[in-house]
Amino acid sequence: MDQHTPRILIADDNEEMRLYLQHILKREGWEVVEAVDGEQALQRFQEGRFDLVLLDGVMPKLDGFTVCEKIRALAAGQKVPIIMVTALDDSKSVDLAFEAGASEYITKPVHWNFLLQRVAHLLTASQAEARIAAAAARMQAIIETAIDGIITISESGIIEEFNPAAERAFGYPAGEVVGRNFGMLLPEPFRSTLDGNLKNYLKTGQKRLIGSIQEVQGLRKDDTTFPLEFSLSEVLLPGKRLFTTIVRDISERKKAEDAIRKSEASLQEAQRIAHLGNWDWDISRNELHWSDEIYRIFGLAPQSFPGTYEAFLASVHPDDRKPVQEAVNRSLAGSEPYDLVHRIVLPDGTGRMVHEQGEVFRDESGSPTRMVGTVHDVTREKLLAQRLQEYSEGLEQKVRERTAEYEEQKIKAERANQIKSEFLANVTHELKTPLNAIIGFAEILQQEMLGPLNEEQKDLINDVVDSGRDLHEMVSGLLQVASLEKESAELRQQDFYPAQMLAAVVEHYLKKAEAKGLQIEVEVAAEISEIHGDEGKVRDVVMVLLSNAVKFSPAGETVRVIVRQGADQVEICVVDTGPGIAREDQDRLFQPFTQLDSTFTKKHGGTGMGLYLARKLVEVHGGRIWVESAIGAGSKFCFTLPQPDRQRP
């Protein structure tokens with residue numbers, strides 16, 4: 001309580017009495033304020049703060065008894081000592097004074113020493129009471145605002161006080177628990193345990209709960225339970241014993257602890273699965289802390305590991321200790337991160353490979369104070385890598401052996417193919433000489449140069465000439481194929497005029513077309529004047545495609561030859577209105593000696609070499625040949641010829 005000069009109000013209508021009282025009171029160092037009547041006294045009290053009031057009993061306007069009563073009715077006047085100093089000495093006046101709220105009653109004349117004693121006593125008592133009241137108010141404020149529940153219970157366990165924090169924790173307003181047994185706030189078995197320990201303490205003095213902190217379960221008003229931290233202390237008062245209970249709802253703390261436990265368990269499980277542990281090295285103290293997984297990796301029990309850098313080095317393979325120390329020193333010096341793979345030796349003598357990574361932490365001066373990192377067991381990965389390397393090397397050896405075998409077989413196949421081609425070329429060449437003679441002699445007979453023929457003879461000679469020419473065409477095709485397969489077909493590429501080349505081809509097939517009532521149309525794009533390629537071989541491809549188109553198109557239709565310019569190639573197509581080709585048969589068209597199995601194709605005959613030869617000639621140019629067709633919708637045979645870049649810088 002702040003020290004201050006006591007302030008006293010004197011109310012008396014007698015001026016001499018006021019001067020007397022003022023004199024003896026001021027001599028003690030007290031501040032004095034005067035009032036000449038009761039009304040002024042009440043006004044002065046309301047305007048200021050006073051520690052004591054002296055009132056005369058009989059005063060004008062308001063007597064002292066009335067003033068005393070009115071002061072006591074004020075909030076500021078309830079605790080202020082009031083002394084009635086009056087000449088009235090009858091018992092009725094005394095009773096009236098104390099009924100009005102007077103603290104002391106002194107009759108006049110009053111001895112100054114006695115008056116000073118009573119004033120000093122009342123001031124001291126008032127100040128002490130004020131201090132007690134202030135302390136009580138502070139204590140009550142602390143209790144009311146405490147975050148922990150504070151509950152006061154009697155020896156028999158009856159709740160006497162229940163602060164707001166306790167109300168929040170248990171969900172009860174104080175009015176519903178005060179006067180009831182504390183056990184209502186605890187579920188079994190905690191309720192019986194508390195009651196038994198309290199009774200045992202009162203009987204034997206054994207402090208099982210007093211002064212200790214316990215974790216129990218609390219019981220809320222809604223019958224739900226929650227974790228509770230509970231402490232009990234004893235308070236001894238005159239003739240009375242109380243127990244103060246401090247309770248704290250630790251639900252959130254338990255949740256946090258549970259979350260931490262789960263997180264740590266999850267981390268440990270993740271480290272176990274990944275074979276990855278973490279470490280923390282306090283460099284100044286040389287204290288090394290490992291996670292559980294590192295102990296498993298090193299094959300050590302935690303209690304068997306001293307937890308120092310030197311103990312760690314002892315587990316490193318002797319041949320790897322120097323590289324490990326050098327890597328640590330470089331990292332501590334700040335020249336590079338700590339990152340290396342090395343070997344360790346387990347207590348049973350077996351070895352493992354580990355990958356370590358670490359980071360250094362430094363103080364304000366830059367000195368290293370702490371290093372943290374990880375250890376990853378990479379033994380399995382290294383073994384797998386070694387096996388993979390061995391397998392890869394073995395596979396490469398097998399590939400080399402198989403490649404050698406393939407090259408050998410390829411050489412043999414190429415030699416066999418060359419022999420076949422040479423044989424085929426020789427045979428076809430030898431066949432052409434007598435075949436030319438047969439055709440020549442048959443044409444002499446056909447032209448009746450040796451005499452007239454009858455109709456039957458003419459038919460026979462015509463068949464001989466046609467068959468001979470077909471055979472000659474087939475032999476020529478075989479000879480070309482043999483030449484291509486021997487890779488002896490050299491391209492004589494140059495620029496040529498496609499319109500002229502196509503006109504010659506059309507002229508060759510014009511008689512056959514006219515005989516069937518067919519028309520042949522040629523469309524060359526306006527931007528194409530010349531194309532680059534082997535004109536003779538390109539002509540052979542067009543002749544094969546045009547021959548088939550004329551052969552398979554029905555009478556009265558039109559066969560079209562189209563030449564178009566692409567981005568870097570020329571596209572030539574021959575379009576007919578024949579029977580069309582099924583999708584499943586189209587891929588077989590360009591194979592050697594292949595004819596589609598249909599009455600229409602068999603009726604027209606053929607060697608089955610034409611489209612194969614056309615494909616070969618196109619591929620020699622670096623182009624592509626294909627067909628677009630469907631049953632009953634005719635066919636469109638196309639091929640491309642790559643063209644050189646004709647742009648000039």
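Scroll up to find the structure.
What this report covers is the structure whose coordinates are included nearby. A quick note: this is a predicted structure, and the numbers were derived from the prediction, not measured.

Further remarks concern helix α15 (residues 498-515). For α15, spanning 18 residues, the distance from its first C-alpha to its last is 26 Å, which sits close to the expected 26 Å at 1.5 Å a residue. A maximum bend of about 50 degrees is found in α15 at Tyr509. By the burial criterion, the buried members of α15 are Pro498, Met501, Leu502, Val505, Val506, Tyr509 and Ala513. Looking at the packing, one finds that the buried side of α15 touches β16 (494-496), β17 (519-524), β18 (531-533), α16 (535-552) and β19 (558-565). Following α15 by one or two positions, Gly517 has its phi on the positive side, about 75 degrees.

Following the sequence through the fold, Asp56 ends up in the loop between β3 (52-55) and α3 (64-73). Residue Asp56 is classed as buried on the basis of its relative accessible area of 6%. With sequence-adjacent residues up to four places away left out, Asp56 is seen in contact with Ala11, Asp12, Asp13, Gly64, Met84, Val85, Thr86 and Lys108.

You can see Thr193 is positioned in helix α8 (residues 190-204). With a relative accessible area of 42%, Thr193 lands in the partly exposed category.

To continue, consider empty space enclosed by the protein. This structure, assessed with the given rule, holds three cavities of 30 Å³ or more. Taken as a whole, the largest cavity encloses approximately 100 Å³ of empty space. Contributing to the lining of the largest cavity are Trp279, Trp281, Leu288, Trp290, Tyr309, Phe312, Val328, Tyr338, Glu356 and Met371. Tallied by class, residues from the lining of the largest cavity come to nine nonpolar, no polar and one charged.

Tallied over the full model, the rule gives one disulfide. Residue Cys573 pairs covalently with Cys638 via a disulfide, S to S 2.1 Å. Between Cys573 and Cys638, the S-S dihedral sits near 115 degrees, and the bridge is therefore right-handed. Note that Cys573 is positioned in strand β20 (residues 569-576) and Cys638 in strand β22 (residues 635-642), a separation of 65 residues in sequence. Side by side, Cys573 and Cys638 carry an identical accessibility label, which is buried.

Right, let's talk about the packing of aromatic side chains for a bit. Counted according to the given criterion, the structure contains 10 aromatic pairs. On the numbers, 6.3 Å between centres and 55 degrees between planes, the contact of Phe298 with Phe312 is tilted. Highlighted residues: Phe298 in helix α10 (residues 292-298) and Phe312 in helix α11 (residues 309-315), separated in sequence by 14 residues. Considered together, Phe298 and Phe312 belong to a single accessibility category, that of buried residues. Each ring, one from Tyr309 and one from Phe312, has its centre 6.2 Å from the other, and the planes form 40 degrees; the classification is tilted. Linking Tyr309 with Phe312, this pair stays in helix α11, spanning three residues, or about one helical turn. Each of the two residues, Tyr309 as well as Phe312, counts as buried. A network of ring pairs unites the aromatic residues Trp281, Trp290, Tyr295, Phe298, Tyr309 and Phe312 as a single cluster. A cation sits over an aromatic face here: Arg7 above Phe50, 4.5 Å from the ring centre. Across the ring face of Phe361, the terminal group of Arg370 is positioned such that the distance to the ring centre comes to 5.5 Å.

Strand order in the open sheet formed by five strands is β12-β11-β15-β14-β13, and the pairing between neighbours is antiparallel. A single partner strand is all that each edge strand has here, and the edge strands are β12 (287-290) and β13 (338-345). Across the sheet, the mean angle separating the axes of adjacent strands is 25 degrees when strand polarity is ignored. By the bridge criterion, eight bridges tie β13 to strand β14 (residues 351-362) in an arrangement that is antiparallel.

Counting 40 residues, the largest nonpolar core has Leu546, Ile572, Phe637 and Phe639 as the members making the most contacts within it. Those elements that provide at least two residues to this core are α15, α16, β19, β20, α19 (610-620), β21 (625-629) and β22. The element that contributes the greatest number of residues to this core is α16, accounting for nine residues.

On to the sheet that holds strand β9 (residues 225-237), then. Taken in spatial order, the five strands of this open sheet run β7-β6-β10-β9-β8, and their pairing is antiparallel. Taken across any chain shown, the strands that pair with only one partner, and hence form the sheet edges, are β7 (159-162) and β8 (213-219). Averaged over all pairs of adjacent strands, the angle between strand axes in this sheet comes to 35 degrees, irrespective of strand direction. Pairing analysis gives seven bridges linking β8 to β9, with the strands arranged antiparallel. Its bridge partner being in β9, Val216 is matched across the sheet by Leu228. Strands β6 (149-154), β8, β9 and β10 (240-249) of the sheet are contacted by α8, whose axis makes an angle of about 150 degrees with β10. Contacting β8, β9 and β10, helix α9 (residues 251-274) runs over the sheet at an angle of about 130 degrees to β9.

Two elements in contact, α16 and α19, have axes separated by 9 Å at closest approach and are oriented at 150 degrees. One way to sum up the angle between α16 and α19 is to call them roughly antiparallel. Our pair here, α16 against α19, has a crossing hand that is left-handed. Within the contact between the two elements, α16 uses Lys537, Asp540, Val541, Val544, Leu545 and Asn548 and α19 uses Gly610, Leu611, Ala614, Leu617 and Val618. A class-by-class count of the residues in the contact of α16 with α19 yields seven nonpolar, two polar and two charged.

Thresholds applied
Residues numbered from 1 in each chain as written. Predicted model: local features only at pLDDT ≥ 70, side-chain atom pairs only at ≥ 80, totals over all residues. Heavy atoms only, no water. Helix = DSSP H or I, 4+ residues; strand = E, 2+ residues; numbered from the N terminus. Expected span 1.5 Å × (residues − 1). Bend = angle between axes of the 7 residues up to and from the residue. Buried < 20%, exposed > 50% of the residue type's maximum accessible area, 1.4 Å probe, protein only. Contact = heavy atoms within 4.5 Å. 1 Å grid on protein atoms, 1.4 Å probe; cavity = no way out; pocket = protein on both sides within 12 Å on 5 of 7 lines; lining within 4 Å. Points joined across faces, edges and corners; volume = space filled by probe spheres on them. Nonpolar A, V, L, I, M, F, W, Y, C, P; charged D, E, K, R; others polar. Disulfide = S-S within 2.5 Å. Phe/Tyr/Trp six-rings, centres within 6.5 Å; stacked < 30°, edge-to-face > 60°. Lys NZ or Arg CZ within 6 Å of the ring centre and 35° of its normal. Pairing = 2+ DSSP bridges. Axes fitted to C-alpha atoms, helices over the stretch in contact; angles between N-to-C directions. Core = buried A, V, L, I, M, F, W, Y, C linked by side-chain atoms within 4.5 Å. Parallel < 35°, antiparallel > 145°, perpendicular 65-115°, else oblique. Left-handed = near helix turned anticlockwise from the far one by under 90°.

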